[in-house]
Amino acid sequence: MIKSVRFLVVLSVMSINGFLLSMQPDESFLSFILNKDLHITSYTANNMDYAIPPTNFLEKNILDTVPLRTDDRNALQNAFKMLSLEKPVATVPYELIHNITKDKVRFLANIICLTNNGKDISNFFVKVAEIKTLL
């Protein structure tokens, strides 16, 4: 039992490190640190255009910062609920309507649990990037 828990912890750390290292300097993304109540406590923006300045998101619940479709909101909400020490990473696609062009813009939210000494979930790290498809 202890060996399998250690294996899961090592695997989780490797996944998180790979995820964090995959952030290329020229990549466009927003990342957030959330508290346990899903309120944004800090953010990082990299080469991303946004209709709302990220500073407006601070101290707000991440689910209330942009107009999400009901099914996308539910998917994100369920992802946060399902995260645990055993399953610390989730990926959730969602769409927003561009406020000028009215086109659908697709995003991918990668969510990682941050722990307090590996014992309980203390915060969340969320990286959001636009999904760009080749035509």
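Up top is the structure.
As the structure is a computational prediction, the values presented were derived from the model and not from experiment. (Residues numbered from 1 in each chain as written. Predicted model: local features only at pLDDT ≥ 70, side-chain atom pairs only at ≥ 80, totals over all residues. Heavy atoms only, no water.)

A. Expanded view of the pattern of salt bridges. Scanning the entire structure with this criterion turns up five salt bridges. Arg 73 serves as the salt-bridge partner of Asp 64, at 3.1 Å between the closest nitrogen and oxygen. Across the pair Arg 69 and Asp 71 runs a salt bridge whose closest N-O atoms are separated by 3.5 Å. Among the residues examined, Asp 71 registers a relative accessible area of 45% and is labelled partly exposed. (Salt bridge = Lys/Arg side-chain N within 4 Å of Asp/Glu carboxyl O. Buried < 20%, exposed > 50% of the residue type's maximum accessible area, 1.4 Å probe, protein only.)

B. Looking closely at the pairing of strand 3 (residues 89-97). As paired elements, strand 3 and strand 4 (residues 104-116) share nine bridges and run antiparallel to each other. Counterpart to Ile 97 in the pairing with strand 4 is Lys 104. Counted between consecutive antiparallel strands, the loop separating strand 3 from strand 4 contains six residues, among which Lys 102 sits at a positive phi close to 65°. (Pairing = 2+ DSSP bridges. Helix = DSSP H or I, 4+ residues; strand = E, 2+ residues; numbered from the N terminus.)

C. Representation of the nonpolar core within the structure. Core analysis: the largest hydrophobic core is formed by 27 residues, its most contacted members being Leu 34, Ile 62, Phe 80, Ile 111 and Phe 124. For this core, the elements supplying multiple residues, two or more each, are strand 1 (29-35), helix 2 (70-82), strand 3, strand 4 and strand 5 (120-130). If you tally residues by element for this core, the top one is strand 4, at five residues. Once you skip the residues sitting within four places of it in the chain, Ile 62 turns out to touch Phe 32, Leu 34, Leu 38, Ile 40, Phe 80 and Val 126. (Core = buried A, V, L, I, M, F, W, Y, C linked by side-chain atoms within 4.5 Å. Contact = heavy atoms within 4.5 Å.)

D. Geometry of the packing of aromatic side chains. Applying the stated rule across the entire model yields three aromatic pairs. Centre to centre, the rings of Phe 80 and Phe 124 are 5.1 Å apart; their planes meet at 80°, and the pair counts as edge-to-face. Of this pair, Phe 80 sits in helix 2 while Phe 124 sits in strand 5, and the two are 44 residues apart along the sequence. In this pair, the class of Phe 80 matches that of Phe 124, namely buried. Considering the side-chain rings of Tyr 94 and Phe 107, the 5.5 Å spacing of their centres and the 20° angle between planes classify their relative orientation as stacked. Of the two residues, Tyr 94 sits in strand 3 while Phe 107 sits in strand 4, which places them 13 residues apart along the sequence. When its relative accessible area of 10% is taken as the criterion, Phe 107 is described as buried. Lying over the aromatic face of Phe 29, Lys 127 brings its terminal NZ or CZ to 5.4 Å of the ring centre. (Phe/Tyr/Trp six-rings, centres within 6.5 Å; stacked < 30°, edge-to-face > 60°. Lys NZ or Arg CZ within 6 Å of the ring centre and 35° of its normal.)

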